[in-house]
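Report on the structure
If you want the building blocks of each chain, they are given just below.
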Amino acid sequence: MATDRKNKMDIDTEVENGLAKYPEMALAQQMHRMVHDEQSDANLQAKVLERILVDLENPSLYRLLKSKVTSAGNSSLMSVAKLTEDDLLKLDKKNSEHLAELHEKVETAKESAGDMEVMDARVEIAKFSAKSLSQEAALAAWKDVADFNKISSGKKLDAIMEGARVASFYNATAMTDDLIVQAQKVASSSGSGGDWDRLNRLKVYQALQMLLHRDFRGAAALLLGCMATFSCTEMCSYSEFIGYVVLTNLLHLPRVELKEKIIDGPEVIGVAKDIPVVIKLANSYYNCDYNSYLNAMLDLESVLKQDRFLAPHTAFWMRELHILAHKQFLDAYQSVTLQAMAAAFGVSTGFIDYHVSRFIAANRLSAKIDKVGGTIVTNRPDLKNAQYRDMIQKGDLLLNRIQKLSRALDV
């Protein structure tokens, strides 16, 4: 219930800021859980279907959801709605009639009003399309707004970002990428359209796409930079945003910066009660409490699977978090017994042997396992020697190229 109240507050904030109320990304998260979580409860299913059919009156979205749950083998979930195709066709007709009225407003504004009124009428069509029509209709409507020849650069940027939001809602990743690139061009052209609020929101759009593309290092930097001035509530709630900040930066920030910016960060502490699993993971990692860390990882797996931006990479996340903890533990020793490491992590020696050997074979850990002695011996690379060898290799390559070029010129 607390999450629902937060989502409603975020939507209210969007409306106050002049942003379109729809599509709701919270609904996209709920739809994701309904499709992919076999344990999704009846209350969630009823809530999602009520939002789509009663509040949004969107038959296209209902058909899309039905197709997804059927493909996932959960077609019984849709029986809650008890809706026939005739009912959906009636909604289609109602929406078509309202859309015709909105188009008539545009024509009236062109004949008897100014450019501002024409612009407002087009925006009204786009907002209605995002609420009650199909993905294609919504994207086309926002494109019409962005292409209006009398639109300011700021409003053009808003319209493109609204289109990106629609594409993201429908998981149209390639389309979202294209629209974000368009938005970046508008924001950078002649320095126009680039007020700090729009630029910060655009960075969040970029970061969320980076999560989908598994560019967690790039996402970590963008998310951390937006943390103090976050206002992009149309894409995710504040607690979800902080969760993304913590997880991505946990993989990449040095311990000193992790403590300063994440563990002790006031923004993180402020929403700690809303993301307890993520906070437990970060704190146990920093405090070297590896038993608690592994337990937090077990809880985190279900959290990852329920998030539409993180779910595609759940296995990757679990592997990287394992490597992160193993590397930090081994960095403190020249050698350590398998038994001691297993005791620290609260698991069996076989578990440690299996995972550490895999990570060593993949060149993710600089160590070797002495099976006879039952120990793990760390093998830290000498950074200076490695840099020297790299410089020699590159120097030889450069000299060879210069000699080839010299012979070619002599000929």
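Residues numbered from 1 in each chain as written. Predicted model: local features only at pLDDT ≥ 70, side-chain atom pairs only at ≥ 80, totals over all residues. Heavy atoms only, no water.

This paragraph deals with the overall build of the protein. Scanning the protein from terminus to terminus reveals 20 helices and 3 strands. Looking at the protein residue by residue over its 411 residues, the buried ones come to 45%. By element, 53% of the accessible surface of the protein is carried by carbon and sulfur atoms, the whole surface being about 21,400 Å². (Helix = DSSP H or I, 4+ residues; strand = E, 2+ residues; numbered from the N terminus. Buried < 20%, exposed > 50% of the residue type's maximum accessible area, 1.4 Å probe, protein only. Areas by Shrake-Rupley, 256 points an atom, 1.4 Å probe, with all protein chains shown as cover.)

The sheet built from 3 strands is open, its strands ordered β1-β3-β2 with antiparallel pairing. Lying at the two open borders of the sheet, with one neighbouring strand each, are β1 (335–337) and β2 (367–370). Across this sheet, the average inter-strand angle for adjacent strands is 20°, counted without regard to direction. The sheet strands contacting helix α19 (residues 349–361) are β2 and β3 (375–378), and the helix crosses β2 at an angle near 140°. (Pairing = 2+ DSSP bridges. Axes fitted to C-alpha atoms, helices over the stretch in contact; angles between N-to-C directions. Contact = heavy atoms within 4.5 Å.)

The next thing to look at is the nonpolar core. One finds Ile52, Leu65, Trp142, Phe241, Leu281, Leu321 and Ile376 to be the most contacted residues of the largest nonpolar core, which totals 123 residues. Once you skip the residues sitting within four places of it in the chain, leucine 281 turns out to touch Leu247, Leu250, Tyr293, Ala296, Met297, Leu300 and Leu321. (Core = buried A, V, L, I, M, F, W, Y, C linked by side-chain atoms within 4.5 Å.)

With 4 bridges joining them, β2 and β3 adopt antiparallel strand pairing. When the sheet's bridge partners are listed, isoleucine 369 is paired in β3 with isoleucine 376. Counting the residues in the hairpin turn of β2 and β3 gives 4 residues, including glycine 374, whose phi is positive at 65°.

Attention now goes to helix α7 (residues 135–146). Across its 12 residues, α7 extends 17 Å between first and last C-alpha, which sits within 8% of the 16 Å expected from 1.5 Å per residue. Every buried residue of α7 is accounted for by Gln135, Ala138, Leu139, Ala141, Trp142, Val145 and Ala146. On an axial view of α7, the arc spanned by its buried residues comes to 160°, and they lie on one face. Turned more than 90 degrees away from the buried face of α7, the exposed residues are Glu136 and Lys143. Where α7 is buried, its residues contact α6 (115–132), α8 (153–169) and α9 (173–188). (Expected span 1.5 Å × (residues − 1). Arc of directions from axis to C-beta.)

Looking now at the pattern of salt bridges. Inspection of every chain in the model, using the stated rule, returns 22 salt bridges. Aspartate 115 is paired through a salt bridge with lysine 150; the nearest N and O atoms lie 3.0 Å apart. Residue aspartate 115 is located in helix α6, and its partner lysine 150 is located in the loop between α7 and α8; the two are separated by 35 residues in the primary sequence. Classification of lysine 150 as exposed rests on a relative accessible area of 52%. (Salt bridge = Lys/Arg side-chain N within 4 Å of Asp/Glu carboxyl O.)

Across the protein, the average pLDDT comes to 88, with 90% of residues at or above 70. The lowest-confidence element of the protein is helix α1 (residues 2–16), averaging 46 in pLDDT; the highest-confidence one is helix α15 (residues 276–286), averaging 97. Note that pLDDT drops below 50 for residues 8–16; the model gives that stretch 13 contacts with residues more than four away or on any other chain. (pLDDT = per-residue confidence, 0-100.)

Let's shift gears to the pairing of β3. Pairing of β1 with β3, which is carried by 3 bridges, proceeds in the antiparallel orientation. Counterpart to serine 335 in the pairing with β3 is valine 377.

Turning our eyes to something else, we now look at the environment of glutamate 117. With respect to the secondary-structure elements, glutamate 117 resides in helix α6. In the structure, glutamate 117 is positioned 12 residues away from lysine 105 in sequence and 9.2 Å away in space, judged by C-alpha atoms. There is a polar contact of 3.0 Å between the side chain of glutamate 117 and the backbone nitrogen of glycine 114. (Polar contact = N/O pair within 3.5 Å; in protein donor to acceptor, adjacent residues only side chain to side chain.)

The next subject is the packing of helix α2 (residues 25–36) against helix α4 (residues 59–71). Packed helix pairs are specified by the crossing angle of their axes together with the interaxial distance, meaning the distance between the axes. Look at α2 against α4: their axes get within 9 Å of each other, and the N-to-C directions meet at 30°. One finds that α2 runs roughly parallel with respect to α4. Between α2 and α4 lies a crossing whose hand is right-handed. Listed contacts from α4 to Leu27, Met31, Met34 and Val35 of α2 are Leu61, Leu65, Lys68 and Val69. Looking at the contact of α2 with α4, its residues break down into 7 nonpolar, no polar and 1 charged. (Parallel < 35°, antiparallel > 145°, perpendicular 65-115°, else oblique. Left-handed = near helix turned anticlockwise from the far one by under 90°. Nonpolar A, V, L, I, M, F, W, Y, C, P; charged D, E, K, R; others polar.)

It is worth spelling out the packing of aromatic side chains at this point. Going through the model one piece at a time under the given rule, you end up with 12 aromatic pairs. Judged by centre distance (5.5 Å) and plane angle (40°), the ring pair of phenylalanine 216 and phenylalanine 316 falls under tilted. One end of the pair, phenylalanine 216, is in helix α11 (residues 216–226); the other, phenylalanine 316, is in helix α17 (residues 314–331), with 100 residues separating them in the sequence. Like phenylalanine 216, the residue phenylalanine 316 is buried in the burial classification. Plain terms: the ring middles of phenylalanine 216 and tryptophan 317 are 4.6 Å apart, the flat faces sit at 40° to each other, and that makes the pair tilted. Here tryptophan 317 lies in helix α17 and phenylalanine 216 lies in helix α11, a separation of 101 residues in the sequence. Taken together through their ring pairs, the aromatic side chains of Tyr290, Phe329, Tyr333 and Phe345 make up a single cluster. Directly above the aromatic system of tyrosine 286 lies the positively charged group of arginine 255, at a separation of 4.2 Å from the ring centroid. The lysine or arginine in question, arginine 308, covers the ring of phenylalanine 309, its NZ or CZ lying 5.0 Å from the ring centre. (Phe/Tyr/Trp six-rings, centres within 6.5 Å; stacked < 30°, edge-to-face > 60°. Lys NZ or Arg CZ within 6 Å of the ring centre and 35° of its normal.)

Another aspect to go through is the side chain of glutamine 209. Structurally, glutamine 209 is set in helix α10 (residues 196–212). What makes glutamine 209 buried here is its relative accessible area of 4%. Ignoring sequence-local partners within four residues, the contact set of glutamine 209 consists of Ser168, Thr173, Thr176, Asp177 and Ile180.

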